[in-house]
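The residues making up each chain are set out below.
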Amino acid sequence: MGDPRRHIPRTDLLLAEPPLADAARVLGQALVKAAVVAAQNRARAGEIGVDAIVEHAIATLPPTASTLRPVLNATGVVVHTNLGRAPLSASALDAVRAAGGNTDVEFDLATGQRARRGRGTLAALADVVPDAEAVHVVNNNAAALLLCALALADGREIVLSRGELVEIGDGFRIPELLAATGARLREVGTTNRTTAADYAAAVGPDTGFVLKVHPSNFLVTGFTAAAGIAELATLGVPVVADIGSGLLRPDPLLPDEPDATTALRAGAALVTASADKLLGGPQAGLLFGRRDLVELLRRHPTARALRVDKLTLAALEATLRGPVPPVRRAIHADLAALRTRATRLAEELGRRGVEVTAVDSVAVVGGGGAPGVELPSAALCLPARHAERLRTADPPVVGRVERGRCLLDLRTVPPEDDGRLLEAVARCT
Ligand SMILES: *Cc1c(COP(=O)(O)O)cnc(C)c1O
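Note that the structure is predicted; figures quoted are calculated from it, not measured. Counting starts from 1 at the beginning of each chain's written sequence and moves along it residue by residue. Given that this is a predicted model, residues contribute local features only at a pLDDT of at least 70 and side-chain atom pairs are listed and counted only at 80 or more, while totals for whole chains, interfaces and linings are drawn from all residues. Note: side-chain values were computed over all heavy atoms of the structure, leaving out hydrogens and water.

Novice: Would you take a moment to explain the overall build of the chain for this structure?
Specialist: Secondary structure elements follow DSSP: runs of H or I no shorter than four residues count as helices, runs of E no shorter than two count as strands, and numbering proceeds from the N terminus. Helix and strand content of the chain: 17 helices and 18 strands. Along the longest, intermediate and shortest principal axes, the C-alpha atoms of the chain span 90 × 55 × 40 Å. To sort residues, take the accessible area from a 1.4 Å probe on protein chains only and compare it with the maximum for the residue type: under 20% means buried, over 50% means exposed, and anything in between is partly exposed. Burial analysis of the chain (429 residues in total) assigns 46% to the buried set. For the chain, the exposed surface amounts to about 20,700 Å²; the carbon and sulfur share of it is 53%. In summary, the charge assignment counts Lys and Arg as positive and Asp and Glu as negative, without counting His or the chain termini. Every charge is mapped onto a representative atom, which is NZ of Lys, CZ of Arg, CG of Asp or CD of Glu. Of the side chains in the chain, 48 bear a positive and 48 a negative charge, and the two mean positions are spaced by 3 Å. Reported accessibility uses the Shrake-Rupley method at a 1.4 Å probe radius. Residues are deemed covered only where the shown protein chains occlude them.

Novice: Can you help me understand the site of the ligand in this one?
Specialist: The criterion for a residue being near a molecule or strand is simple. One of its heavy atoms has to lie within 4 Å of it. Around the ligand, 13 residues are found, and the nearest of them are Ala-142, Ser-216, Asp-242, Ser-274 and Lys-277. Contact between the ligand and Asn-140: an oxygen atom at 3.4 Å from a side-chain N or O atom of the residue. When the ligand sits alone it has 380 Å² of accessible area, and the protein chains cover 94% of it. Of all the secondary-structure elements, those providing two or more residues to the shell around the ligand are helix H7 (141–152) and strand E11 (239–244). For this classification, Asp, Glu, Lys and Arg are treated as charged, while Ala, Val, Leu, Ile, Met, Phe, Trp, Tyr, Cys and Pro are nonpolar and the rest, including Gly, are polar. Class assignment of the residues belonging to the shell around the ligand gives a composition of 3 nonpolar, 7 polar and 3 charged. Under the rule applied, a polar contact is a pair of N or O atoms within 3.5 Å (in protein, one hydrogen donor and one hydrogen acceptor; residues adjacent in sequence only if both atoms are side-chain atoms).

Novice: Could you clarify how one ought to interpret the UniProt feature "modified residue: N6-(pyridoxal phosphate)lysine" (unreviewed entry) in the chain in this entry?
Specialist: UniProt positions are given in the numbering used here, feature names are shortened, and annotations may be inferred rather than shown by experiment. As annotated in UniProt, the feature "modified residue: N6-(pyridoxal phosphate)lysine" (unreviewed entry) corresponds to Lys-277 in the numbering used here. Along the chain, Lys-277 turns up in the loop between strand E12 (270–274) and strand E13 (285–289).

Novice: Sorry, what's going on with the sheet that holds strand E14 (residues 357–366) here?
Specialist: Remark on secondary structure: sheet strands pair via backbone hydrogen bonds, oriented parallel or antiparallel. Should DSSP find at least two bridges between two strands, the strands are regarded as paired. In spatial order, the strands read E2-E14-E15-E18-E17; together these 5 strands make up an open sheet with mixed pairing. Whereas interior strands pair on both sides, the edge strands pair on one side only; in this sheet they are strand E2 (77–79) and strand E17 (400–402). Across the sheet, the mean angle from the axis of one strand to that of its neighbour is 45°, orientation sign disregarded. In this structure, strand E15 (residues 375–383) lies alongside strand E18 (residues 405–409), joined through 5 bridges in antiparallel fashion. By the bridge assignment, Pro-383 is partnered in E18 with Arg-405. Residues count as neighbours in contact if any of their non-hydrogen atoms are within 4.5 Å of one another. Helix axes are fitted only over the stretch in contact, all axes being lines through C-alpha atoms; the angle between N-to-C directions runs from 0 to 180 degrees. Against the sheet, helix H15 (residues 335–351) makes contact with E14 and E15, and its axis sits at roughly 10° relative to E15, the strand it touches most.

Novice: Would you take a moment to explain unusual backbone geometry for this structure?
Specialist: Glycine aside, residues mostly have negative phi angles, and peptide bonds mostly take the trans form. Residue Pro-395 follows Asp-394 across a cis peptide bond; omega there is 0°. Turning to its location among the elements, Pro-395 is positioned in the loop between helix H16 (386–391) and strand E16 (397–398). We note that Arg-85 has phi near 50°; this positive angle belongs to a residue other than glycine. For Arg-85, the position within the fold is in the loop between E2 and helix H5 (90–99). Even without a glycine there, the phi angle at Arg-403 is positive, about 45°. Of note, Arg-403 is situated in the loop between E17 and E18. By relative accessible area, Arg-403 is classed as exposed at 73%.

Novice: What should I look at first to understand the domain arrangement of the chain in this one?
Specialist: Interface size is commonly expressed as the accessible surface area that is lost when the partners come together. Along its sequence, the chain is carved into domain 1 (8–60), domain 2 (72–84 + 329–428) and domain 3 (90–323). Using only C-alpha atoms to locate each centre, domain 1 and domain 3 end up separated by 50 Å. Domain start and stop positions are those given by an automatic or database domain assignment.

Novice: Help me understand the side chain of Ser-274 in this model?
Specialist: Locating Ser-274 in the fold gives a position in strand E12. The residues touching Ser-274, leaving out its near neighbours within four places in the chain, are Arg-85, Asn-141, Gly-244, Ser-245, Gly-246 and Ala-284.

Novice: Is there a simple way to explain the environment of Ala-387 in this structure?
Specialist: Among the secondary structure elements, Ala-387 is positioned in helix H16. Looking at Ala-387, the relative accessible area reads 11%, which means it is buried. Setting aside anything within four residues of it in sequence, one finds Ala-387 in contact with Val-401 and Cys-406.

Novice: Help me understand helix H3 (residues 29–44), please; the structure alone is not making it clear to me.
Specialist: One full turn of an α-helix is made of 3.6 residues, so residues set three or four places apart face in the same direction. Any helix carries an expected span of 1.5 Å times its number of residues minus one. The terminal C-alpha atoms of H3, which comprises 16 residues, lie 22 Å apart, in line with the 22 Å expected from a rise of 1.5 Å per residue. Of the positions making up H3, those classed as buried are Val-32, Ala-35, Val-36, Ala-39, Gln-40 and Ala-43. Buried residues of H3 fall within an arc of 140° about the axis and therefore sit on the same side. Residues of H3 that are buried in the fold lie against helix H1 (11–15), helix H2 (18–27) and helix H4 (53–60). Just past H3, the residue Gly-46 takes up positive phi, approximately 80°. The arc in question is the one traced by the directions running from the helix axis out to the C-beta atoms.

Novice: Explain the pairing of E12 here, please?
Specialist: If a strand is regular, its side chains alternate between the two faces of the sheet. For E12, a buried count of 5 out of 5 residues is recorded, marking the element as mostly surrounded by other parts of the structure. Here E12 shows no split at all, with Leu-270, Thr-272 and Ser-274 on one side and Val-271 and Ala-273 on the other all buried. For the handedness criterion, the strands are oriented away from the viewer, and a crossover whose path from the first strand over the helix to the second runs clockwise is classed as right-handed. For the crossover that starts at E11, traverses helix H11 (residues 260–266) and ends in the parallel E12, the hand is right-handed. Two elements, E12 and E13, share 5 bridges in a ladder whose sense is antiparallel. When the bridges of E13 are listed, Ala-273 appears paired with Leu-286.

Novice: Could you clarify how one ought to interpret the sheet that holds E13 in this entry?
Specialist: A sheet is described by the order of its strands in space; here 7 strands give the open sequence E5-E13-E12-E11-E10-E6-E9, paired in mixed fashion. At either margin of the open sheet sits one strand with a lone partner, and together these are strand E5 (134–138) and strand E9 (184–188). In this sheet, adjacent strand axes meet at a mean angle of 25° when their direction is disregarded. In terms of strand pairing, E5 meets E13 through 5 bridges, oriented antiparallel. Bridge pairing in E13 links Val-137 to Leu-286.

Structure, rendered in structure tokens:
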């Protein structure tokens, strides 16, 4: 009679408590009910008080109805593929939220007629790359390459250098992707040297296009030679340039990184790129180039299977039109400012009794881009044993373990997240 564990409130009564009812409106009934049942079980086991069931259930609820958790990227890898590549700007996130409901993505509000899908996004791309006669957006850069192969080289040959048979990551290889379309790959040259004459000897009536792939995630140094787009553009067949990381114009900080504008000016008939690497936008594949070829791609039957949704179109347009997105802010962040942030955070943590120092560090672009580029940076340095607790903290903080130390690199943490980083570190150590 006296044991309060016998008097666990009923699940339906608990779910009617205002904080849990509010949570169910955001998260759905099933998630909240599971948290309530778990809390009831803990009360039954005597692990928590009967009075604490609601509070405990609320504390264990996930922040959203998705299992994807926001993470602080303190790895020093600016475009971290496993952490979702480019973080969207606040402006892109606002655009996604606004477009998330019904939106005029394919509708002209003035005339009440159907309109070109994503026209605002296409106009923004054309404004940034005026050298392109036409632009198109697909699901990702791999899809852009796939569409080129399907539409321009069906049953024909794609001529490419043996030095550019690139594996993107996670076992995905560009030559295998292209071969899967039924196009034949005509490999020319060698791993380290391929000349314009090698391409010229292979080009013929069966050539669909010549493909230049930027070897974005590795460097070939020493006795090397590669033919430029300008030379290949004289061979009488379209040159498709996969520039990879999505710089649309040259960036003086990344002098070896190809960009769409330069590739088009050199004579590329089409340029393909990712939108979620150096451009700092949502996952998408960008295609720039000759109007007739872009039209062929757009009208190809498979184009529909590769098209992007309204959320991507919204985020991409806002990335192009809005303030500098986080990826580019991170790449261009001033070293002195990074060191100042590291020193301030270390001092504040020191006052709270946390054993941490501010150190210099080296960040990288990542995402299979700019492999030789080192970005001098500043980091918080903790004993390596803290890495796991930080990773499983709320919010999770993912650092870099290096020579027995856990480094939290500030180049990849937006300054506005310093407070959250500080609290997470203080709680974990
Ligand atoms: C990243 C990359 C790709 C693949 O792009 P996704 O947008 O991930 O499909 C293709 N080619 C190059 C050169 C790349 O760097």
